Amino acid sequence: MADLPVLYSFRRCPYAMRARLALRISGLVYEHREVALKAKPAAMLAASPKGTVPVLCLPSGEVLAQSLDIMHWALKQHDPQGWLPMSPEAKTLADVGIALNDGEFKAHLDRYKYPQRFDLENGLQHRASGAEILMCWEAQLRANLHTHAQSHAYLSGAHWGLLDACVAPFVRQFARTDRAWFDAQPWSQLSQWLTAFENSEAFAEVMLKLPLWLPREA
Ligand SMILES: N[C@@H](CCC(=O)N[C@@H](CS)C(=O)NCC(=O)O)C(=O)O
C-alpha cells in the first residue's frame, strides 16, 4: 500500500463523510485509517498538526487537511457523475451554499445539538435559526424539481452533486437531534432528499464500520 493516498477519517464526522463520498464516487483507491478523535495517531498529527479529520496524505508528500480540498482533489481526477459544477452560475451556487452550511448552519447545528457546551439552557433558538436555512434548501429543491421536471430534486440541479454531498451529512445530524420534530416540519422535498441519501448505497458504503487503525511497530 506504499504509494496509495492515506485518508485519516472518523466514521461519524460529517466533514469526513463528505470526503469519503467524493473519494468513493471518484473510484480512486486509497488507504483508509480510522481514527479515534480522543487518541489521534501521531502520524496524523505529524502530517496535519491542527488535528481535525479528514486528512488525506498524498504519495507526493502533499497533505490535504480540509474536506473540501479532498473532494475537489478526487473529483478533478475522476468525476463520473458530474458532481463538480459545470457553469460559473452553478459554481457560485455551490460555493455560496457550502459557505452557508459550513458557517451559519454548522454554528446553529452545534448549539441546537449541544446547548450545554455553549452555556445555553436549550437549543431551541438555534433550532429555529437552522430551520430557516433548511427552508431555503426546501425552496431550492422545489425550484429544481420544477426546472428539471423530474421526480427527485437535488440541491445541485438536475442531479446529485458537490453541494448535495457537502450539505447532506450536516442536515442528517440536524434531523437526528429530534427526528419526530424534523419529520413534522413543512419541508417535504428536504425530507425526501434526506431519506433518499440515508437509504443510498453510497451512504451505506461510506458508513461501514471499520476497525481503528493501529500503526505498525517500527
Ligand atoms: N474545516 C474542516 C473541519 C473538520 C472538523 O472540524 N472535523 C472535526 C470532526 S467532525 C474534528 O476533527 N475535530 C477535532 C476534534 O474533535 O478533536 C474540514 O472541512 O475538514
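Residues numbered from 1 in each chain as written. Predicted model: local features only at pLDDT ≥ 70, side-chain atom pairs only at ≥ 80, totals over all residues. Heavy atoms only, no water.

1. Observations regarding the domain arrangement of the chain
Thought 1: Examined at the domain level, the chain breaks down into domain 1 (6-80) and domain 2 (88-202).
Thought 2: Each of domain 1 and domain 2 has a C-alpha centre, and the two are 23 Å apart.
Thought 3: In this assembly, eleven residues from domain 1 lie in contact with 14 residues from domain 2.
Thought 4: Around 1,100 Å² of area is buried between domain 1 and domain 2 when both sides are counted, 71% of it from carbon and sulfur atoms.
Thought 5: In terms of surface lost to domain 2, no three residues of domain 1 exceed Pro14, Arg18 and Leu21, which account for 44% of the buried area on that side.
Thought 6: At the boundary of domain 1 and domain 2, one finds one salt bridge.
Thought 7: Its salt-bridge partner being arginine 18, residue aspartate 102 comes within 2.7 Å of it at the nearest N-O pair.
Thought 8: Where domain 1 packs against domain 2, one counts two residue pairs in polar contact (both at pLDDT 80 or more).
Thought 9: Those elements giving two or more residues to the side of domain 1 that touches domain 2 turn out to be helix H1 (14-26) and helix H3 (67-77).
Thought 10: The element contributing the most residues to the side of domain 1 that touches domain 2 is H1, with six residues. (Domains from an automatic or database assignment. Contact = heavy atoms within 4.5 Å. Buried area = accessible area lost by both parts, 1.4 Å probe. Salt bridge = Lys/Arg side-chain N within 4 Å of Asp/Glu carboxyl O. Polar contact = N/O pair within 3.5 Å; in protein donor to acceptor, adjacent residues only side chain to side chain. Helix = DSSP H or I, 4+ residues; strand = E, 2+ residues; numbered from the N terminus.)

2. Describing the site of the ligand
Thought 1: Surrounding the ligand, one finds Cys13, Pro14, Tyr15, Leu37, Lys40, Gly51, Thr52, Val53, Pro54, Gln66 and Ser67.
Thought 2: Between an oxygen atom of the ligand and a side-chain N or O atom of lysine 40, the distance comes to 2.6 Å.
Thought 3: Take serine 67: an N or O atom from its side chain is 2.6 Å from an oxygen atom of the ligand.
Thought 4: Expressed as a share of its isolated accessible area of 520 Å², the protein-covered part of the ligand is 70%. (Near = heavy atom within 4 Å. Areas by Shrake-Rupley, 256 points an atom, 1.4 Å probe, with all protein chains shown as cover.)

3. Some details on the nonpolar core
Thought 1: Counting residues in hydrophobic clusters, the biggest one holds 43 residues, and the most contacted among them are Leu134, Phe182, Leu190 and Trp193.
Thought 2: For this core, the secondary-structure elements that each account for two or more residues are H1, H3, helix H4 (88-113), helix H5 (124-148), helix H6 (162-177), helix H7 (179-183), helix H8 (188-198) and helix H9 (201-206).
Thought 3: No other element matches H6, which puts ten residues into this core.
Thought 4: There are two domains that each give this core at least three residues, and those are domain 1 (6-80) and domain 2 (88-202).
Thought 5: Judged by nonpolar contacts, the second largest core, of eleven residues, contains Tyr8, Cys13, Ala16 and Val35. (Core = buried A, V, L, I, M, F, W, Y, C linked by side-chain atoms within 4.5 Å. Buried < 20%, exposed > 50% of the residue type's maximum accessible area, 1.4 Å probe, protein only.)

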